[in-house]
Amino acid sequence: MGRPQAQEIYRHFKGELYQIITIARHSETSEELVIYQALYGEYKVYARPLVSFIEEIGTGKYRFSLFHPTETKTADIKAMPAGTVTVESKEETKEETETKEEAELNDEFDLSAIDPLLLEFLNAETYEKRYSILTALHSRITDEMINTIAASLELEIAAGEIEKRYMELRHCLTTMKKFEINR
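So, how was this worked out
- Counting starts from 1 at the beginning of each chain's written sequence and moves along it residue by residue.
- The predicted origin of the model limits local features to residues at a pLDDT of at least 70 and limits the giving and counting of side-chain atom pairs to 80 or more, whereas totals for whole chains, interfaces and linings rest on all residues.
- Side-chain numbers here rest on the full set of heavy atoms in the structure, without hydrogens or water.
- Helix and strand assignments follow DSSP, with helices taken as H or I runs no shorter than four residues and strands as E runs no shorter than two, numbered in order from the N terminus.
- Burial here depends on accessible area, computed with a 1.4 Å probe over protein chains only, as a share of the maximum for the residue type. Under 20% is buried, over 50% is exposed, and the range in between is partly exposed.
- In the analysis that follows, any N or O atom pair within 3.5 Å is treated as a polar contact, provided that within protein one partner can donate a hydrogen and the other can accept it, and provided that, for residues neighboring in sequence, both atoms belong to side chains.
- The criterion for strand pairing is that DSSP finds at least two bridges linking the strands in question.
- Between N-to-C directions, angles cover 0 to 180 degrees, with each direction set by a line fitted to C-alpha atoms, over the stretch in contact for helices.
- Aromatic pairs are defined between Phe, Tyr and Trp rings, using the six-membered ring for Trp, whenever the two ring centres lie within 6.5 Å; interplanar angles under 30 degrees are classed as stacked, those over 60 as edge-to-face, and all others as tilted.
- We call two directions roughly parallel when the angle between them is under 35 degrees, roughly antiparallel when it is over 145, roughly perpendicular when it lies between 65 and 115, and oblique otherwise.
- Left-handed describes a crossing whose near helix is turned anticlockwise from the far helix by less than a right angle; the clockwise case is right-handed.
- What makes two residues a contact is simply this: any of their non-hydrogen atoms within 4.5 Å.
- Any residue outside Ala, Val, Leu, Ile, Met, Phe, Trp, Tyr, Cys, Pro, Asp, Glu, Lys and Arg is labelled polar, Gly included; the first ten of those are nonpolar and the last four are charged.
- A pairing counts as a salt bridge when a side-chain nitrogen of Lys or Arg comes within 4 Å of a carboxyl oxygen of Asp or Glu.

Asker: Please provide a residue-by-residue account of the side chain of Arg11, values included.
Answerer: Here Arg11 lies in strand E1 (residues 9-12). Since its relative accessible area comes to 4%, Arg11 is described here as buried. Separated by 3.4 Å, the side chains of Arg11 and Glu154 make a polar contact.

Asker: Explain the pairing of E1 residue by residue, including any values.
Answerer: Residues Ile9 and Arg11 line one face of E1 and the alternating positions Tyr10 and His12 line the opposite face, and both faces are buried. The hairpin formed by E1 and strand E2 (residues 17-25) contains four residues between the paired strands, and Gly15 there has a positive phi angle of roughly 115°.

Asker: Outline the sheet that holds strand E4 (residues 45-49), supporting the account with residue identities and numerical values.
Answerer: What the five strands build is an open sheet, ordered E4-E3-E2-E1-E7; its pairing is antiparallel. Each having just a single partner strand, E4 and strand E7 (64-66) make up the two edges of the open sheet. Across the sheet, the mean angle from the axis of one strand to that of its neighbour is 40°, orientation sign disregarded. Pairing analysis gives five bridges linking strand E3 (residues 32-38) to E4, with the strands arranged antiparallel. Bridge assignment links Val34 to a residue of E4, and that residue is Arg48.

Asker: Could you give me a rundown of unusual backbone geometry, with the residues and numbers involved?
Answerer: Residue Gln7 is not a glycine yet carries a positive backbone phi of 80°. Position of Gln7 among the secondary structure elements: in the segment before E1. The phi torsion at Glu154 lies on the positive side, around 60°, for a residue other than glycine. You can see Glu154 is positioned in the loop between helix H5 (143-152) and helix H6 (162-179).

Asker: Outline the packing of aromatic side chains, supporting the account with residue identities and numerical values.
Answerer: Centre-to-centre distance and the angle between the planes together describe a pair of aromatic rings. Counting across every chain of the model gives nine aromatic pairs. Summarising the aromatic geometry, the rings of Tyr18 and Phe64 are spaced 5.7 Å apart at their centres and angled 80° between planes, so their arrangement reads as edge-to-face. With a gap of 46 residues between them, Tyr18 in strand E2 and Phe64 in strand E7 connect regions that are remote in the sequence. Aromatic side chains Tyr36 and Phe53 sit 5.4 Å apart centroid to centroid with 65° between the ring planes, which places their arrangement in the edge-to-face category.

Asker: So what's going on with the packing of helix H4 (residues 127-137) against H6? Residues and values would help.
Answerer: At a minimum axis distance of 9 Å, the contact between H4 and H6 shows a crossing angle of 160°. In terms of their interaxial angle, H4 and H6 are classed as roughly antiparallel. By crossing handedness, the relation of H4 to H6 is classed as left-handed. Each of Tyr127, Glu128, Arg130, Tyr131, Leu134 and Thr135 in H4 lies in contact with H6, whose residues at this interface are Tyr166, Leu169, Arg170, Leu173, Thr174, Met176 and Lys177. Of the residues assigned to the contact of H4 with H6, the class counts are seven nonpolar, two polar and four charged.

Asker: Go over the pattern of salt bridges with me, naming the residues and quoting the values.
Answerer: One pass over the full model with this rule turns up six salt bridges. Put simply, Glu32 and Arg3 hold a salt bridge, and the shortest N to O gap is 2.5 Å. Of this pair, Glu32 sits in strand E3 while Arg3 sits in the segment before E1, placing them 29 residues apart in sequence. When its relative accessible area of 24% is taken as the criterion, Glu32 is described as partly exposed. Relative accessible area serves as the criterion here: at 41%, Arg3 is assigned to the partly exposed category. Glu120 is the partner of Lys129 in a salt bridge, and the nearest nitrogen-oxygen pair spans 3.3 Å.

Written out as structure tokens, the structure is:
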């Protein structure tokens, strides 16, 4: 497992997502600490010793694993159970895994049938960019799009009137954008 970097997103072995803010050094012990923020609930900020953050807690299972949104197939996002942990295979390099998954994704789904702005949203690297794409999607947003976007952000948007759901999603993104680290 590599060293966590600012803005990377990690999944805790219990299933929740967290974004790395920075690596800090304890002023008295010089121990390295990972400073990270929950991407759910009240978006609390936590500190944990680096060695504890990256430790293996079982055979091939880590306390935190780097989250790769591209590892989740669009059709499976809604069905993905909480607590799913993705651990890279030790037998394949990261590049081989990504290439294999892209090929599988292209084989299983007709990407031309998906709204290009939705694909752009799913590939956006900042919450600022995602917010701007969501705003552009407003006039043509569907319940399915809201479900997909919410799942990609690890959010649950209750069923109901589409405009209300859109506004709730937009509010959540505003909060995420507020806490995003800009460099």
